[in-house]
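This is what each chain is made of:
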Amino acid sequence: MDFNLADLFESIADTVPGREALVHLDHPGSGAERRLTYAELDTAACRLAHHLAGSGIAAGEHVGLHLLNGVEYLQTVLACLKIRAVPVNVNYRYVADELAYLYRDADLAALVFDGAFTDRVAAVLPRAPRLRHLLRVGAAPADAPRPCVEPVPFADAEASGSPARDFAPRSGDDRFIIYTGGTTGLPKGVVWRQEDLFFSGLGGGAPTGEPVRRPEELARRVAAGDEGLVFFPAAPLMHGTATLTAFIAFHLGQKVVLHSKYVPREVLRTVERERVTGLSLVGDAMLRPLVDLLAGPLRGGGDCSSLRSVSSSGAVLSETVRAQFAALLPGVRLINNFGSSESGFNGTATEDSGPRTGFRLRVNARTAVVDPVTRRPVAPGEVGRLAQHGHVPLGYHNDPHKTAETFFTAHGERWVLLGDLATVDDRGVVTVLGRGSQCINTGGEKVFPEEVEQALKAHPAVYDALVTGVADDRWGQRVAAVVQPREGSPPPTLPGLQAHCRERLAGYKVPRSLVLTPRIERSPSGKADYRWARAMAEGGSSSPPRPFP
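This is a predicted model, so every value here is computed, not measured. (Residues numbered from 1 in each chain as written. Predicted model: local features only at pLDDT ≥ 70, side-chain atom pairs only at ≥ 80, totals over all residues. Heavy atoms only, no water.)

Trainee: Please clarify how the packing of helix H3 (residues 71-82) against helix H9 (residues 240-251) should be interpreted in this entry.
Mentor: A packed helix pair is summarised by two numbers, namely the angle formed by the two axes and the spacing between the axes. At a minimum axis distance of 12 Å, the contact between H3 and H9 shows a crossing angle of 75°. As judged from the angle between their axes, H3 and H9 are roughly perpendicular. Touching Tyr73, Leu74, Val77, Leu78 and Leu81 of H3 are Thr243, Ala246, Phe247 and Phe250, all from H9. Considered class by class, the residues forming the contact of H3 with H9 number eight nonpolar, one polar and no charged. (Axes fitted to C-alpha atoms, helices over the stretch in contact; angles between N-to-C directions. Helix = DSSP H or I, 4+ residues; strand = E, 2+ residues; numbered from the N terminus. Parallel < 35°, antiparallel > 145°, perpendicular 65-115°, else oblique. Contact = heavy atoms within 4.5 Å. Nonpolar A, V, L, I, M, F, W, Y, C, P; charged D, E, K, R; others polar.)

Here is the structure:
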């Protein structure tokens, strides 16, 4: 047995077959739900795996998941892993050109999609000639065009497949691909060995403890432990963090709860109903609405006494929102994690992280700050790039040039060079300055958007904010803020925000222009869309075209 995700899941399903594994509340509050034990989920995945194999999907071929959250998403991931096919996440907000790019770049051979997306799939399919097999979850709208490849209803595919576990041997070398969000450029498919992903993205079976040393140890730990933990990944599963959270729960033999979409009030009700112990989300965009509900007269209609932790990864939690949450739920641990599709987990923010001190991290032993040229660790106080060594991805799918820029070998170990600029102090605490690709150069001074955004979001009239650089005849670039005002407060003004920021930031970092918008555009998982922000700051449309080929 290797550190293969399908092997590991099957070992746990055999250990606790009757334990509840997955709960999907399709329309929270409506009573529509589906519950599966570990044995039932494993059998459902086996059936789908046999259908895919019988339809000609071979080991190593890529299967796209163009789906909302649901049983079918995790069932499809497990089915792919069972036959050594490679699951590929698809952003369901993408429009035709974006989907055509991703379908082709990912070399999709099969696609599992929600019926609601039939029109987009039908429009894109002729531009993805390698895509030959479709599975549709649910019904298509009555007026939707028919795709040129006839989709098989998901329920029929599952029913037709054998429940047997008669699959070929698998390996820790089997692949898993996570596509990046593409909010700063073209999405890239990060290619992981499953063994590497198990240790870097899934904590080696024990995210807060000692990783397992042998694959067989995982099931023994589950057998010796107790049930009772309930994980609720509230972000879309097509965002890598949410899927990895679900697998962390599976590796502990615990229950996963899903909603099709993120509805804050229903999230709180489900926390109460399912006695959720761990809620995971992405940044202020997801946590702030929960804080607002908890602070309201009805406290959101939910009892949160079961909660032990709320974790965020993929976007920074601002100091203001963290303080509000702590005041409302002082007994719940708020974990501000840092990681990426290319590195898995890197570290956790310190309690004093904020506009005045910067975004400070206690990183794991595999993370370092290195000089991007020499690729050696920098001295304390020097600026370098975050990097990770050991269990790192193999590279980017279909992009050898970017792979050579980002991944390297030193001292017999593989490394990944991340896009985040950072410094490290003499105690090993890392301060993340921001993405180099988003750095604003104004009159020779470097400004990182995340730092200014933290300051802006501390203003009582600001609900959300993104910061970008726009062209300036004198300074090359100037700092521009795109702000979503808080409802019920007077709209913020540029002079007022500038005065607020000057108390927290150096003068050259203070925004020189302001655009107010009814809503900040983010990905479904809460990640920033800086292309949208730049178009807004430059006076463009609120829905600018994306530069996809």
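Now that the structure is up, let's keep going.
Trainee: Can you help me understand the layout of surface pockets in this one?
Mentor: It is a probe the size of a water molecule, rolled over the atoms, that shows where empty space is left. Considering only enclosed or pocket space, the second largest pocket measures out at about 760 Å³ in volume. As for the second largest pocket, its lining consists of 33 residues, of which Tyr262, Ala285, Pro289, Arg519 and Ile520 are closest to the centre. Elements with a contribution of two residues or more to the lining of the second largest pocket: helix H11 (283-295), strand S25 (462-472) and strand S26 (476-485). In the lining of the second largest pocket, the residues fall into 16 nonpolar, six polar and eleven charged. (1 Å grid on protein atoms, 1.4 Å probe; cavity = no way out; pocket = protein on both sides within 12 Å on 5 of 7 lines; lining within 4 Å. Points joined across faces, edges and corners; volume = space filled by probe spheres on them.)

Trainee: Could you clarify how one ought to interpret the side chain of Asn91 in this entry?
Mentor: For Asn91, the location among the structural elements is in the loop between strand S4 (86-89) and helix H4 (96-105). Residue Asn91 is classed as buried on the basis of its relative accessible area, which comes to 12%. Separated by 2.9 Å, the side chain of Asn91 and the backbone nitrogen of Arg93 make a polar contact. (Buried < 20%, exposed > 50% of the residue type's maximum accessible area, 1.4 Å probe, protein only. Polar contact = N/O pair within 3.5 Å; in protein donor to acceptor, adjacent residues only side chain to side chain.)

Trainee: It is not clear to me how unusual backbone geometry should be interpreted in this structure. Could you clarify?
Mentor: Both trends apply: most residues other than glycine have a negative phi, and most peptide bonds are in trans. You will see that Asp107, though not glycine, has its phi angle at about 55°, which is positive. Tracing the sequence through the fold places Asp107 in the loop between H4 and strand S5 (108-114). One non-glycine residue, Arg275, lies in the positive phi region at around 55°. Structurally, Arg275 is set in the loop between helix H10 (264-274) and strand S12 (278-281).

Trainee: What exactly am I supposed to notice about empty space enclosed by the protein here?
Mentor: Within this structure, the stated rule accounts for two cavities of 30 Å³ or more. For the largest cavity, the calculated volume is near 90 Å³. Tyr73, Asn89, Phe176, Ile177 and Thr243 are the residues nearest the centre of the largest cavity, which is lined by 13 residues in total. Among the elements of the structure, H3, S4, strand S8 (175-179) and H9 are those that each provide at least two residues to the lining of the largest cavity. Looking at the lining of the largest cavity residue by residue, the classes come out as ten nonpolar, three polar and no charged.

Trainee: What is the right way to read the nonpolar core from this model?
Mentor: Most often, soluble globular proteins have nonpolar side chains that are buried together. Counting 112 residues, the largest nonpolar core has Leu5, Phe198, Phe247, Phe250, Leu279 and Leu287 as its most contacted members. Each residue touching Phe250, except ones within four places of it in the same chain, is listed here: Phe9, Ile12, Ala21, Tyr38, Leu41, Leu74 and Val256. Counting 22 residues, the second-largest nonpolar core is a separate cluster that includes Val86, Leu99, Tyr103 and Leu134. (Core = buried A, V, L, I, M, F, W, Y, C linked by side-chain atoms within 4.5 Å.)

Trainee: Explain the environment of Ala242 to me, please; I cannot follow it from the model alone.
Mentor: Within the element layout of this structure, Ala242 appears in helix H9. C-alpha of Ala242 to C-alpha of Pro511: the two residues are 269 residues apart in sequence and 34 Å apart in space. Apart from the residues lying within four places of it in its own chain, the contact partners of Ala242 are Pro233, Ala235, Pro236 and Leu237.

Trainee: Sorry if this is basic, but what is going on with the pairing of strand S27 (residues 513-516) here?
Mentor: Where S26 and S27 come together, four bridges link them in parallel fashion. By the bridge assignment, Val483 is partnered in S27 with Leu516. With helix H15 (residues 494-502) bridging S26 and its parallel neighbour S27, the resulting β-α-β unit is right-handed. (Pairing = 2+ DSSP bridges. Right-handed = clockwise from strand over helix to strand, strands pointing away.)

Trainee: In this structure, what is going on with the side chain of Ser11? I would like to understand it.
Mentor: Here Ser11 shows up in helix H1 (residues 5-15). Take Ser11: its relative accessible area is 15%, and that puts it in the buried class.

Trainee: Whenever I open this one, the packing of aromatic side chains confuses me. Can you help?
Mentor: Within a pair of aromatic rings, the relevant descriptors are the distance that separates the centres and the angle that separates the planes. Evaluated as defined, the whole model comprises eleven aromatic pairs. Aromatic side chains Phe198 and Phe199 sit 5.0 Å apart centroid to centroid with 80° between the ring planes, which places their arrangement in the edge-to-face category. Its relative accessible area of 0% is what places Phe198 among the buried residues. With 5.9 Å between their ring centres and 55° between their planes, Phe338 and Phe359 make a pair best called tilted. Placement of the pair is Phe338 in strand S14 (residues 333-340) and Phe359 in strand S16 (residues 359-363), with a sequence separation of 21 residues. Its relative accessible area of 11% is what places Phe338 among the buried residues. Each residue in the set Phe9, Tyr38, Phe247 and Phe250 is aromatic and connected to the rest through ring pairs, giving one cluster. Stacked on the ring of Tyr396, the Lys or Arg Lys188 has its end atom at 5.5 Å from the ring centre. Arg288 extends its terminal NZ or CZ atom over the ring of Tyr463, reaching a point 5.2 Å from the ring centre. (Phe/Tyr/Trp six-rings, centres within 6.5 Å; stacked < 30°, edge-to-face > 60°. Lys NZ or Arg CZ within 6 Å of the ring centre and 35° of its normal.)

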